[in-house]
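# Observations on the model geometry
Residues per chain, in single letters:
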Amino acid sequence: MPEGVCIIGVGYEGFRPTITDVSTRELMFLAASKAYADASVDPRTDIDSFICCTEDFWEGWSITDEMVPDQVGGARRPVCTVPADGIIGMGHAVMHIRSGVADVVSVEAHSKVADVLDKRAVENLALDPVYHRQTGAGSDVLAGLEMSAFMRRSGVTRDDVSRIVKAEKARALSNGRASYGGTLELKEVSDAEPIAAPLLKYDKAEFAEAGTVVVFASERWAKKNKKDGVSVDGLAWRSSAPWFEGGDIMRPEYASEAFRSVMKQAGRRGADSFDLLEIDDTYSYKLLQHLSSVGVPKASAIKMVEEGRVNPSGGSLGTGHLIEATGSHRVLECALQLRGRAGGNQRGKPGTALALSWRGNPTATGAAIALSVGR
Amino acid sequence: MPLRDRVTSVGDLRSWTDQIPFRYEYTAGVAGERFLRGLMDGRIVAGECGGCGKRFLPPKAYCTDCFRAIDRFDAVGQDGIVAAMAEAWVGFQGERLARPKRYVFVEFDGVTGGLVHFAVGPGVRVGSRVAPRFRPLSKRRGSLLDLHGFAKK
Ligand SMILES: [Zn+2]
C-alpha cells in the first residue's frame, strides 16, 4: 500500500473577470496565506516542498519560476514549477509525498489572464507553425470543427448543448466564486452570435482571474498533527493524440485513460460511484464529450448536469476559465463540498468527488483526481 | 490580514504596459520538408511507419505508436472526406469578420489524422468528398498556403 495522501487546507483569492488591486505575486501570497491558515501550518517550518503551476507566456515574464518562492513561503526551500494544469501539479505533490521527499507540499496555481493584453496571440502560438498556424484556424476554430464532428457522431443536438449552458449558468448564480452566472433561455443560447459555428458565444467559457493554493500532507503526518483531511484516493494524467491527429472524438484518451487509472487506484467502478463530479467544460460540448469518456451516456449526462451532481460550481462556463488554475478550481470546489463549506451551492453531505481537467486546445492533455472524506 | 495596505480607490490603481517582441524562424524538419516540398509539387504527403504500417498526416519523422523512425513518405490519394466543418466569424486576432471563413478538417483513406484547411467553393459539407486546390505552380512557396483549400469533387 503506498503512503496515503490528503488535502489539509485550501485557500483562494479573486475569482473575478479582472483583479486590479493586487499584482500576480500578491494574489499568490493572499491565496497561500489563506490556505496555510486553513491548514494551520507555517510554510517556513512545516512545508517541505512548494509547487507552482504556470506558463511563462501567460505570465508575460521569462523563466518566471525563478520569481515564485517568496510569495508562497518557499524562499531558500525546494520550489519547482510545473508548466501544466493544476491537477498535474498536484500529481507531483503526491509523488513528493509518496517518495519520501516531503511530508507536506503546497500547490499553487493562478490566473492573472486579464493582464495578458494579447490572449489570442498566446493561444495562437500554441499551434504547430508548419502544419497548422498559417491558415489562422485558432483554438475556437478547432473547437468548432471538433464540435461539428462530435455532434454528428454522438447524436448530441444544439438543444442538448444549450441545456448544458443554461443549467451551468443558473447554478453559478449561487456560487460566490462564479463570475458568469445568469438566467438564460434556451433560445437565447441557441441563437447567440457565432464564434466558429456550430460553436456559439455561450458555448465558450470566458476568462476569469483567481489565485488558488491547496496543501497536501501524508496521512501519517496529518494524523500525527491531528489534522482532518480530504483523502486523495487516486490521481492520474495523460497526454494523447488530439482528434485532428487521429485521437478518438467520442472518448478522448487523455480523459478516459486518466479516469481509468484513477478508478483502479481508488478501487472504484465508475463515474456513478461519485456523489459529485467537477468535469472540464471549457466548451459546452466538451462536458458531454468528457462525460462520455468516463462512461456516462448523453441522456444521463444532461440529467446529472441539470440536477447539479455534475459541476455544482457552475463549471468553467459559470465560473470563468482560469487557464492553468482551472483544474485547481475543480479540486477546490470538490474539497469545499466534501468539507461542507461550499457556500450557496453546497450539495448536502457528499462523501466522494471526482475532478477532471483538460488543458484546452490544441492539447490532448488531461488529469483526474478522486477525493473522499470519512473513509 | 495577509496584506494590510490595500488600494481602495480606483484613482490610485497603476499598471505598466510592455510587450515580448520575439521572432522565430521555425525549421520544418525532415518530415516537414517532405510535406512542404510535396505541396510545391501539388501532392499531400503522409509518413508511413515501417513497423506498424500506420500512415500519419501531417507526416512525422517518428511513429506515435512504435517510437520507430519513419523514413517512408508518400502522397495520399487525391480525394479526401470532410470529417468536420466550422464557419469562423471571429478572425485569428480576435476581430469580428464581416464574411465568415469556412474551415474543414479533411481525412484521407487509410491515413491517421488529416488536415485543417479552408473550404473552397460551394457545396462543401461534412461528409463531402473533396479534392485539394493548389495555387498556380509559379506562386507556390513551400508553405501550407500553397494549398488554397479543399473543393467539392
Ligand atoms: Zn508504428
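Everything numeric in this text was worked out from a predicted model, so none of it was measured. (Residues numbered from 1 in each chain as written. Chains lettered and ligands numbered in written order. Predicted model: local features only at pLDDT ≥ 70, side-chain atom pairs only at ≥ 80, totals over all residues. Heavy atoms only, no water.)

Once that is clear, we can look at the overall build of chain A. For chain A, the helix and strand inventory stands at 14 helices and 11 strands. In terms of overall dimensions, chain A is globule-like: its C-alpha atoms have a radius of gyration of 19 Å, near the 21 Å expected for 375 residues. Along the three orthogonal principal directions, the C-alpha set of chain A runs to about 55 × 45 × 35 Å. Taken over 375 residues, chain A has a buried fraction of 62%. Taking as baseline every contact in chain A between residues at least 6 positions apart, the subset at least 24 positions apart corresponds to 78%. With the model as given, the accessible surface of chain A reaches about 13400 Å², and the carbon-plus-sulfur share is 49%. (Helix = DSSP H or I, 4+ residues; strand = E, 2+ residues; numbered from the N terminus. Rg over C-alpha atoms; globule rule 2.2 N^0.38 Å. Buried < 20%, exposed > 50% of the residue type's maximum accessible area, 1.4 Å probe, protein only. Contact = heavy atoms within 4.5 Å. Areas by Shrake-Rupley, 256 points an atom, 1.4 Å probe, with all protein chains shown as cover.)

A few words on the interface of chain A and chain B. Where the parts come together, the accessible area they lose is often given as the size of the interface. Across the boundary between the two partners, chain A contributes 44 residues, which contact 45 residues of chain B. Across the chain A to chain B interface the summed buried area is about 3600 Å²; carbon plus sulfur atoms make up 67%. Where chain A meets chain B, there are 3 salt bridges. When the shortest N-O distance is used, the salt bridge between Glu-245 of chain A and Lys-60 of chain B registers 3.0 Å. Where chain A packs against chain B, one counts 14 residue pairs in polar contact (both at pLDDT 80 or more). Contributions of two or more residues to the side of chain A that touches chain B are made by helix H1 (24–39), helix H5 (119–124), helix H6 (139–154) and strand E5 (194–197) of chain A. It is H6 of chain A that contributes the most residues to the side of chain A that touches chain B, 7 residues altogether. Among the residues forming the side of chain A that touches chain B, the class breakdown is 23 nonpolar, 13 polar and 8 charged. (Buried area = accessible area lost by both parts, 1.4 Å probe. Salt bridge = Lys/Arg side-chain N within 4 Å of Asp/Glu carboxyl O. Polar contact = N/O pair within 3.5 Å; in protein donor to acceptor, adjacent residues only side chain to side chain. Nonpolar A, V, L, I, M, F, W, Y, C, P; charged D, E, K, R; others polar.)

Attention shifts here to the coordination of the zinc ion. Around a metal, the ideal angle is 109.5 degrees if four donors adopt a tetrahedral arrangement and 90 or 180 degrees if six donors adopt an octahedral arrangement. Residues and elements named next belong to chain B. Surrounding the zinc ion are the protein donor atoms Cys-49 (SG), Cys-52 (SG), Cys-63 (SG) and Cys-66 (SG), at 2.2 to 2.3 Å. Sequence positions of the donors to the zinc ion reduce to the motif C-x2-C-x10-C-x2-C. Judged by relative accessible area, Cys-63 falls into the buried class, the value being 3%. The class for Cys-66 is partly exposed, based on a relative accessible area of 32%. (Donors = N, O, S within 2.8 Å, 3.2 Å for Na, K, Ca; no water.)

As for its position among the elements, Glu-87 of chain B is in strand E4 (residues 80–90). For Glu-87 of chain B, a relative accessible area of 31% translates into the label partly exposed. Remark: the alpha-carbon pair of Glu-87 of chain B and Met-40 of chain B, spanning 47 residues in sequence, is separated by 27 Å. The residues contacting Glu-87 of chain B, other than those within four sequence positions of it, are Ile-195, Ala-196 and Ala-197 of chain A together with Pro-100, Lys-101 and Arg-102 of chain B.

Let us now look at unusual backbone geometry. Between Asn-361 of chain A and Pro-362 of chain A the backbone carries a cis peptide bond, its omega angle lying at 0 degrees. On the secondary structure map, Pro-362 of chain A appears in the loop between strand E10 (352–358) and strand E11 (365–372). Residue Pro-58 of chain B is bonded to the preceding Leu-57 of chain B through a cis peptide linkage, with omega at -10 degrees. Relative to the assigned elements, Pro-58 of chain B resides in the loop between strand E2 (55–57) and strand E3 (72–75). Positive phi values are uncommon outside glycine, yet Ser-40 of chain A reaches one of about 50 degrees. Along the chain, Ser-40 of chain A falls in the loop between H1 and strand E2 (49–53). Take Ser-40 of chain A: its relative accessible area is 53%, and that puts it in the exposed class. Backbone geometry at Lys-226 of chain A places phi at a positive 55 degrees, although glycine is not the residue there. Mapping Lys-226 of chain A onto the fold places it in the loop between helix H9 (219–224) and strand E8 (230–239). Lys-226 of chain A gets classed as exposed once you look at its relative accessible area, which sits at 75%.

Together, Phe-57 and Leu-125 of chain A together with Ile-20, Phe-22, Tyr-24 and Tyr-26 of chain B give the surface a local cluster of nonpolar side chains, amounting to about 580 Å² of exposed area. Structurally, the position occupied by Phe-22 of chain B is in the segment before helix H1 (29–40). With relative accessibility at 44%, the residue Phe-22 of chain B sits in the partly exposed group. (Patch = residues over 30% accessible without salt bridge, like charges linked within 9 Å, V, L, I, M, F, W, Y side chains within 5 Å.)

Moving on to helix H14 (residues 326–338) of chain A. Residues and elements named next belong to chain A. Between its terminal C-alpha atoms H14 stretches 19 Å, which fits the 18 Å expected from 13 residues at 1.5 Å a residue. The element H14 is extensively covered by neighbouring structure, given that 13 of its 13 residues are classed as buried. In the segment just after H14, Gly-340 is the residue with positive phi, at about 70 degrees. (Expected span 1.5 Å × (residues − 1).)

A word on empty space enclosed by the protein. Overall, the coordinates contain 3 cavities of 30 Å³ or more when judged by the stated rule. Approximately 90 Å³ is the volume attributed to the largest cavity. What lines the largest cavity is a set of 14 residues, among which Glu-146, Pro-242, Trp-243, Tyr-254 and Lys-286 of chain A lie closest to the centre. Of the residues assigned to the lining of the largest cavity, the class counts are 8 nonpolar, 3 polar and 3 charged. Counted as a void, the second largest cavity has a volume near 70 Å³. Lining the second largest cavity, in full, are Arg-120, Glu-123, Gly-136, Gly-138, Ser-139, Asp-140, Val-141, Ile-195 and Ala-196 of chain A together with Val-90, Gly-91 and Phe-92 of chain B. Sorting elements by how many residues they give to the lining of the second largest cavity places H6 of chain A first, with 3 residues. Across the lining of the second largest cavity, the residue classes break down as 5 nonpolar, 4 polar and 3 charged. (1 Å grid on protein atoms, 1.4 Å probe; cavity = no way out; pocket = protein on both sides within 12 Å on 5 of 7 lines; lining within 4 Å. Points joined across faces, edges and corners; volume = space filled by probe spheres on them.)

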